[in-house]
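Analysis of the macromolecular model
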Amino acid sequence: MPELPEVETVVIQLQRVVGKKIATLEIKDRKVIDSRIRNILPVTINGIYRKGKFIVFKLSKKQFLLVHLRMTGHFHYVKSEISGDYKKYLAGKFNLDDGSFFTYNTIRRFGTVRLMDAKEVNEYFAKQGVEPLEISSRHFINLIKKYPGANIKNKLLDQKMVMGIGNIYAQEALYHAKVHPKRKIAEVSDASLGLLHREMQRILRLAIKNNGTTVDNYSHLDGKGDFQNLLAVYQQKKCPREHEIQRIVIGGRGTNYCSKCQS
Ligand SMILES: [Zn+2]
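Okay, so let's go over this structure. (Residues numbered from 1 in each chain as written. Predicted model: local features only at pLDDT ≥ 70, side-chain atom pairs only at ≥ 80, totals over all residues. Heavy atoms only, no water.)

1. Quick notes on the coordination of the zinc ion
Looking at the metal site, the zinc ion is ligated by Cys239 (SG), His243 (ND1), Cys258 (SG) and Cys261 (SG), spaced 2.2 to 2.3 Å from it. Classification of the site at the zinc ion as tetrahedral follows from its four donor atoms and the range of 99 to 122 degrees in their angles at the metal. Along the chain, the residues that donate to the zinc ion are spaced as C-x3-H-x14-C-x2-C. Remark: Cys258 occurs in the segment after β10 (253–257) and Cys239 occurs in the loop between α6 (190–209) and β9 (246–250); sequence separation between them is 19 residues. (Donors = N, O, S within 2.8 Å, 3.2 Å for Na, K, Ca; no water. Tetrahedral: all angles 85-135°; square planar, octahedral: opposite > 155°, others 65-115°. Helix = DSSP H or I, 4+ residues; strand = E, 2+ residues; numbered from the N terminus.)

2. Considerations on the pairing of strand β6 (residues 90–96)
Taking burial as the measure, the seven residues of β6 include seven buried ones, the bulk of the element. Looking at chain direction, β6 and strand β7 (residues 101–106) are connected through five bridges and run antiparallel. Paired with Leu90 across the two strands is Asn105, which belongs to β7. (Buried < 20%, exposed > 50% of the residue type's maximum accessible area, 1.4 Å probe, protein only. Pairing = 2+ DSSP bridges.)

3. Some points on unusual backbone geometry
Here the amide bond leading from Leu41 into Pro42 is cis, since omega sits at 0 degrees, within 30 degrees of zero. The topology assignment puts Pro42 in the loop between β1 (21–27) and β2 (43–51). At Lys62, a residue that is not glycine, the phi angle is positive and equals roughly 60 degrees. In this structure, Lys62 sits in the loop between β3 (54–59) and β4 (63–68).

4. Topic: the sheet that holds β3
Within the open sheet, the eight strands sit side by side as β5-β7-β6-β1-β2-β3-β4-β8. Their pairing is antiparallel. Both outer strands of the open sheet, β5 (73–78) and β8 (112–117), are each paired with one neighbouring strand and no more. The mean angle between the axes of side-by-side strands here comes to 30 degrees, regardless of whether they run parallel or antiparallel. Sheet contacts for helix α2 (residues 118–126): β2, β3, β4 and β8; angle to β8, the most-contacted strand, approximately 115 degrees. (Axes fitted to C-alpha atoms, helices over the stretch in contact; angles between N-to-C directions. Contact = heavy atoms within 4.5 Å.)

Below you can see the structure in the form of structure tokens.
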């Protein structure tokens, strides 16, 4: 599933449609695309930004599109039609006023594009966690220590505590912070939690620089990510120090770690 760096990559690339006007919308899959969007057209895209794993389109008329990619959602942007690549798994085609268009596609039909007003957007995100790249070390340590009995890896995945981290970056951050994924939060020292905060931010930033991780079928507008080449434990057999990787299940999710590097 796309996590923060993958979604951020898509958001950076989608900036090319900011300022354009959505003139018409062709809906191929009503389960994925909110058909009420048609009622507000034409509408201008005033901004596109990321919140956790969500992409938010800020539109004119005080309206918003809330996009979640789930497992297989992705966008195409087409300036002028030369190939029909965008037609594969097409859910919705947003025709812009300059003749270009973007499409939202999803292989497994789990992703969503929902219309919301400002109040609904604010209410929705008020219930979500903090942004991991915006939180200070002190704030992060205080926040996570509110759950002393919780498993540390499960808590990193809890979107109501911190948004945007999934199974890949939780495992990577724990490896680089040298923290065993089975630890309860109460068992981890403040120094280690501080290191976890630092490594979490470093890994997320490095992954954004590398356009995210492509392990299944994540693709951004211009191709695939490169961070899979820099993974330390996720889907790896050996850690960067050449130790054998262990695989366990925590909270129903496969979890890789190194028993020599992490304690
Ligand atoms: Zn190791």
